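# Structural characterization, general
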Amino acid sequence: MGKSLYQKVWDKHLVRQLDNGQYQLFMALHLIHEVTSPQAFGMLKERGLKVAFPDRTYATVDHIIPTDNQARPFADDMAEKMIQFLDEAVAEHGIEYFPPGSGAQGIVHVVGPELGLTQPGMTICCGDSHTATHGAFGCIALGIGTSQVRDVLATQTLAMDPLKVRRIRVEGMLSPGVTAKDVILHIIRVSGVKGGVGYAYEYAGSVIENMTMEERMTVCNMSIEGGARCGYVNPDETTFEYLRGRERVPTGDEFDAAVAIWRDFASDADAVFDDELVIDADDIMPTVTWGITPGQAISIDESVPNPDQMQGLEKHHVTDALQYMHLEADMPIKGTRIDVAFIGSCTNGRLSDFELVAGYIKGREVAPSVRAIAVPGSEKVDSAARAKNLHTIFEEAGFEWRKPGCSMCLAMNPDKLIGDQICASSSNRNFIGRQGSPTGRTILMSPIMVAAAAIEGKVADAREVFHLSGQTS
Amino acid sequence: MSPAARPVPTSHPVITKLLGTGIYVQGNDIDTDRIIPARFLKCVTFDELGPALFYDQRFTETGDSKHHLLDAPCHKGAEILIADNNFGCGSSREHAPQAIHKFGIKAIIAGSFAEIFQGNCTTLGIPCLVMAEEARKEIAKTVLDTPDAELLIDIEKMQVTCANNVYSVMMKASSRQAFMAGTYDPLEHLLDGMEDIRRKARRLGYA
Ligand code: SF4
């Protein structure tokens with residue numbers, strides 16, 4: 001019987017079984033940032049422990065960093081304190097660090113892949129649930145809590161229970177205007193926000209195989225929103241070509257040798273999965289959320305649900321969500337006025353996202369009532385976009401082009417919604433208050449859908465706004 | 001693959017029984033942003049997080065009380081949180097379980113939990129117990145009607161006793177064992193494997 005990638009990577013990194021029945025798993029790569037890691041260094045200090053494998057840990061700052069003026073000290077004292085804490089901890093423990101201005105700073109899940117730190121077959125962890133992003137390379141990539149960050153710093157291992165594996169095959173061809181973001185929003189809509197609890201997702205099928213690495217990252221990124229602990233795509237030629245020539249990837253013969261090893265991690269043809277879900281690409285439309293969880297999503301042509309047609313707790317939740325979002329039952333989501341448009345985050349803040357959008361917004365203008373911001377995911381994305389003059393296209397269309405960071409994805413920096421503003425967002429969470437105002441509202445969608453909404457001033461169908469039918473996406 | 005042969009020292013108190021009053025926080029998919037809004041994540045220790053638990057549910061933007069159940073005098077000192085499905089979904093931030101912990105909650109009973117959240121709670125010594133909907137509704141009602149009703153959680157028997165009724169609960173086997181052995185914080189045990197870890201690192205042969 002063949003093995004899945006999950007099983008192979010697990011076996012390779014398994015240290016031993018613990019007394020309580022859990023397993024001790026070695027972490028090939030540990031990424032840290034300023035919000036969930038400083039406390040772990042404090043915990044180490046309390047116990048007089050050192051970082052066991054400092055050469056397997058890399059640090060950057062992303063969550064709290066302002067995206068306008070990044071000069072130190074930051075205007076926000078607490079943000080300054082957190083980053084100082086990280087500065088000192090990495091210096092003390094000899095951890096490689098990509099601070100602002102280094103040319104490599106950015107959202108941790110953008111930075112790992114673009115430097116080539118993320119490589120197939122690795123176990124990867126980070127104190128951030130979107131670590132699943134790295135699964136795009138064929139890794140077991142886990143979001144962990146701060147006590148686990150402590151565990152990994154002290155031992156480079158985690159105590160884990162094995163997961164089951166569900167293969168999600170997306171088969172067919174995406175229609176024009178349908179993107180990777182729509183694929184994952186559709187998967188979450190179909191399987192629910194807790195459908196993945198206890199599972200790792202293997203994304204497969206022709207649609208996934210035909211995706212670029214950046215598209216695969218978008219899909220894997222939101223695995224956690226579907227309840228899965230992690231998600232991955234089997235490494236293939238697309239993966240190897242993406243990695244070739246990256247800063248931290250071996251070169252020459254060593255690269256070829258690495259590819260041979262990487263290739264072997266892919267799930268065997270006869271691998272057996274605990275569960276399988278098949279999705280027909282024809283069923284996937286541009287998808288947007290209407291509620292307060294990523295699973296509360298509909299395609300752009302649908303109307304928001306009517307709680308009167310539901311029962312029990314579900315009725316209650318739909319009523320609450322509609323009330324929070326100021327939406328009426330049965331109204332079409334298309335046409336909902338927006339105040340803010342945000343393109344960025346570890347889901348959709350990569351070069352290809354900005355390239356794609358730039359192609360459509362060139363010569364168009366953001367509606368006067370909308371504040372539109374574009375935030376590159378990293379300094380590398382920023383400089384590559386600038387080299388192609390994309391920032392000018394965005395600025396001329398009426399977007400603010402900001403410095404890299406998480407920005408309005410979770411609004412720990414000054415980029416926040418005000419009051420009950422409603423935001424068309426390319427990020428990954430539409431939770432109550434997520435974008436910085438306790439009454440702020442979020443509609444998740446793909447970057448081109450955000451661009452369409454920005455231009456129209458309301459939720460719109462990118463296929464109509466940008467005349468996409470007939471073209472291939 | 002084989003379990004460590006020697007006994008591992010227990011560094012934390014065993015948790016087999018918990019007695020306390022309960023409080024019901026209604027709603028499925030209560031996410032970590034609701035448990036602790038992102039603006040409270042600006043901290044370098046977790047010490048001050050307790051008062052920020054469910055902040056936006058409890059207080060208006062100007063800081064006035066919304067008279068949330070958590071602030072009701074009759075629920076003061078409640079130690080057992082009762083919740084619905086998919087509690088703790090969203091972020092891996094330990095700030096959420098830490099806020100619950102620092103607020104004084106000792107255990108959570110819910111229909112289901114998000115995985116990372118549950119793991120984080122376990123490490124902090126907060127048992128996350130899964131209870132079927134009917135039973136949970138009954139307990140929630142009891143707690144709402146008689147806030148001083150005590151709940152007795154028995155980790156060994158996997159039972160909760162409340163108002164003379166006994167309800168069964170579920171928990172991951174490894175977590176249950178860890179509470180009973182006082183090994184829910186895994187660090188000591190992980191450190192114990194340091195030799196094996198170094199050997200594994202040498203043999204990885206890549207990266
Ligand atoms: S962009 Fe958003 S989801 Fe991604 S790491 Fe930053 S805060 Fe988390």
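Residues numbered from 1 in each chain as written. Chains lettered and ligands numbered in written order. Predicted model: local features only at pLDDT ≥ 70, side-chain atom pairs only at ≥ 80, totals over all residues. Heavy atoms only, no water.

## Let's talk about the overall build of chain A
- From N to C terminus, chain A includes 17 helices and 19 strands.
- Relative to the 2.2 N^0.38 estimate, which gives 23 Å for 473 residues, the radius of gyration of chain A is 21 Å and therefore close to what a compact globule would have.
- When its C-alpha atoms are laid out on the principal axes, chain A stretches across 55 × 55 × 50 Å.
- The buried share of chain A, reckoned over its 473 residues, is 66%.
- Of the contacts formed within chain A by residues at least 6 apart in sequence, a portion of 75% connects residues at least 24 apart.
- Carbon and sulfur atoms make up 48% of the accessible area of chain A, which amounts to about 15,400 Å² in all.
- Of the charged side chains in chain A, 42 are positive and 62 negative, and the gap between their average positions amounts to 2 Å. (Helix = DSSP H or I, 4+ residues; strand = E, 2+ residues; numbered from the N terminus. Rg over C-alpha atoms; globule rule 2.2 N^0.38 Å. Buried < 20%, exposed > 50% of the residue type's maximum accessible area, 1.4 Å probe, protein only. Contact = heavy atoms within 4.5 Å. Areas by Shrake-Rupley, 256 points an atom, 1.4 Å probe, with all protein chains shown as cover. Lys, Arg positive; Asp, Glu negative; His and termini not counted. Charge placed at Lys NZ, Arg CZ, Asp CG, Glu CD.)

## With respect to the interface of chain A and chain B
- Facing the 75 residues of chain A at the interface are 63 residues of chain B.
- Broken down residue by residue, the surface that chain A buries against chain B is led by R16, D19 and N20 of chain A, which jointly contribute 10%.
- Across the chain A-chain B interface, the total number found is six salt bridges.
- As a salt-bridge pair, D185 of chain B and R150 of chain A come within 2.6 Å of each other at their nearest N and O atoms.
- At the boundary of chain A and chain B, one finds 24 residue pairs in polar contact (both at pLDDT 80 or more).
- Listing elements by their share of the side of chain A that touches chain B, those giving two or more residues are α1 (5–13), β1 (14–17), β2 (23–26), α2 (38–46), α3 (77–93), α5 (146–155), β8 (157–160) and α11 (312–325) of chain A. (Buried area = accessible area lost by both parts, 1.4 Å probe. Salt bridge = Lys/Arg side-chain N within 4 Å of Asp/Glu carboxyl O. Polar contact = N/O pair within 3.5 Å; in protein donor to acceptor, adjacent residues only side chain to side chain.)

## Quick notes on the sheet that holds strand β16 (residues 371–374) of chain A
Residues and elements named next belong to chain A.
- With parallel pairing, five strands are arranged side by side in an open sheet as β17-β16-β15-β18-β19. Only two strands of the sheet have a single neighbouring strand rather than two, namely β17 (399–401) and β19 (441–444). Strand-to-strand, the axes of this sheet are offset by a mean angle of 20°, without reference to chain direction.
- Here β16 runs beside β17; their pairing, made up of three bridges, is parallel. (Pairing = 2+ DSSP bridges. Axes fitted to C-alpha atoms, helices over the stretch in contact; angles between N-to-C directions.)

## Re the site of the ligand
Residues and elements named next belong to chain A.
- All residues adjacent to the ligand are H63, I107, H109, D128, H130, S345, C346, C406, C409, L410, N428 and R434.
- A molecule is said to occupy a pocket when more than half its atoms come within 2 Å of that pocket's grid points, and by this definition the ligand occupies the largest cavity.
- When its residues are assigned to classes, the shell around the ligand shows five nonpolar, five polar and two charged.
- Here the shell around the ligand spans two domains, since at least three of its residues come from each of domain 1 (5–264) and domain 2 (287–463). (Near = heavy atom within 4 Å. 1 Å grid on protein atoms, 1.4 Å probe; cavity = no way out; pocket = protein on both sides within 12 Å on 5 of 7 lines; lining within 4 Å. Sits in = over half its atoms within 2 Å of the grid points. Nonpolar A, V, L, I, M, F, W, Y, C, P; charged D, E, K, R; others polar. Domains from an automatic or database assignment.)

## What about the pattern of salt bridges?
- One pass over the structure, following the stated rule, counts 45 salt bridges over all chains.
- Salt bridges linked by common partners bring R47, R150 and D151 of chain A together with D185 and E188 of chain B together as one network.

## Brief notes about the packing of helix α6 (residues 180–191) of chain A against helix α8 (residues 213–221) of chain A
All names here are of chain A.
- Across the interface, α6 lies against α8 with an axial gap of 8 Å and an inter-helix angle of 25°. In terms of orientation, α6 lies roughly parallel with respect to α8. The handedness of the crossing between α6 and α8 is right-handed. Contact with α6, carried on its side by A180, K181 and I184, involves E215, T218 and V219 of α8 and no other residues of that element.
- Of the residues in the contact of α6 with α8, the class split is three nonpolar, one polar and two charged. (Parallel < 35°, antiparallel > 145°, perpendicular 65-115°, else oblique. Left-handed = near helix turned anticlockwise from the far one by under 90°.)

## Things to note about unusual backbone geometry
- In this structure, the amide linkage connecting R72 of chain A to the following residue, P73 of chain A, adopts the cis form with an omega of -10°.
- Mapped onto the fold, P73 of chain A is located in the loop between β4 (57–60) and α3.
- The phi dihedral of D330 of chain A is positive, around 70°, even though this residue is not glycine.
- Checked against the element boundaries, D330 of chain A lands in the loop between α11 and β15 (340–343).
- Residue F54 of chain B is not a glycine yet carries a positive backbone phi of 50°.

## Re the pairing of β16 of chain A
- The pairing of β15 of chain A with β16 of chain A spans four bridges and is classified as parallel. Within β16 of chain A, the position partnered with A341 of chain A by the bridge is A372 of chain A.

## Describing the domain arrangement of chain A
Residues and elements named next belong to chain A.
- When cut into domains, chain A gives domain 1 (5–264) and domain 2 (287–463).
- When each unit is reduced to the centre of its C-alpha atoms, the spacing between domain 1 and domain 2 is 24 Å.
- Facing 43 residues of domain 1, the contacting portion of domain 2 comprises 43 residues.
- Summing the contributions of domain 1 and of domain 2, the shared interface buries around 3,500 Å²; its carbon and sulfur component is 54%.
- Taken as a group, T67, I107 and R189 account for 20% of the area that domain 1 buries against domain 2, more than any other trio of residues on that side.
- Applying the counting criterion to the domain 1 and domain 2 interface returns four salt bridges.

## A short note on empty space enclosed by the protein
- Applying the stated rule across the entire model yields five cavities of 30 Å³ or more.
- Forming the walls of the largest cavity are 22 residues, and the residues nearest its centre are H63, D128, H130, L410 and R434 of chain A.
- Residue assignment for the lining of the largest cavity shows that the elements contributing at least two residues are α4 (108–115) and α12 (345–348) of chain A.
- Each of domain 1 (5–264) and domain 2 (287–463) of chain A gives at least three residues to the lining of the largest cavity.
- Taken as a whole, the second largest cavity encloses approximately 170 Å³ of empty space.
- As for the second largest cavity, its lining consists of 20 residues, and the residues nearest its centre are I224 and G227 of chain A together with C89, G90 and A114 of chain B.
- Within the lining of the second largest cavity, the residues separate by chemical class into 10 nonpolar, six polar and four charged.
- Both of domain 1 (5–264) and domain 2 (287–463) of chain A provide at least three residues apiece to the lining of the second largest cavity. (Points joined across faces, edges and corners; volume = space filled by probe spheres on them.)

## Some words on the packing of aromatic side chains
Residues and elements named next belong to chain A.
- Evaluation of the coordinates by the stated rule reveals 17 aromatic pairs over all chains.
- Taking the centre distance of 6.3 Å and the plane angle of 5° together, the rings of Y58 and F98 count as stacked. Of the two residues, Y58 sits in strand β4 while F98 sits in strand β5 (residues 96–98), which places them 40 residues apart along the sequence. Take Y58 and F98: they sit in the same class, and that class is buried.
- Seen in terms of ring centroids, F354 and W401 are 5.2 Å apart; in terms of plane orientation they differ by 65°. Their pairing is edge-to-face. Remark: W401 occurs in strand β17 and F354 occurs in helix α13 (residues 351–361); sequence separation between them is 47 residues. An identical accessibility class is assigned to F354 and W401; each is buried.
- A cation over an aromatic ring shows up here: R72 above the ring of F74, its NZ or CZ 5.5 Å from the ring centre. (Phe/Tyr/Trp six-rings, centres within 6.5 Å; stacked < 30°, edge-to-face > 60°. Lys NZ or Arg CZ within 6 Å of the ring centre and 35° of its normal.)

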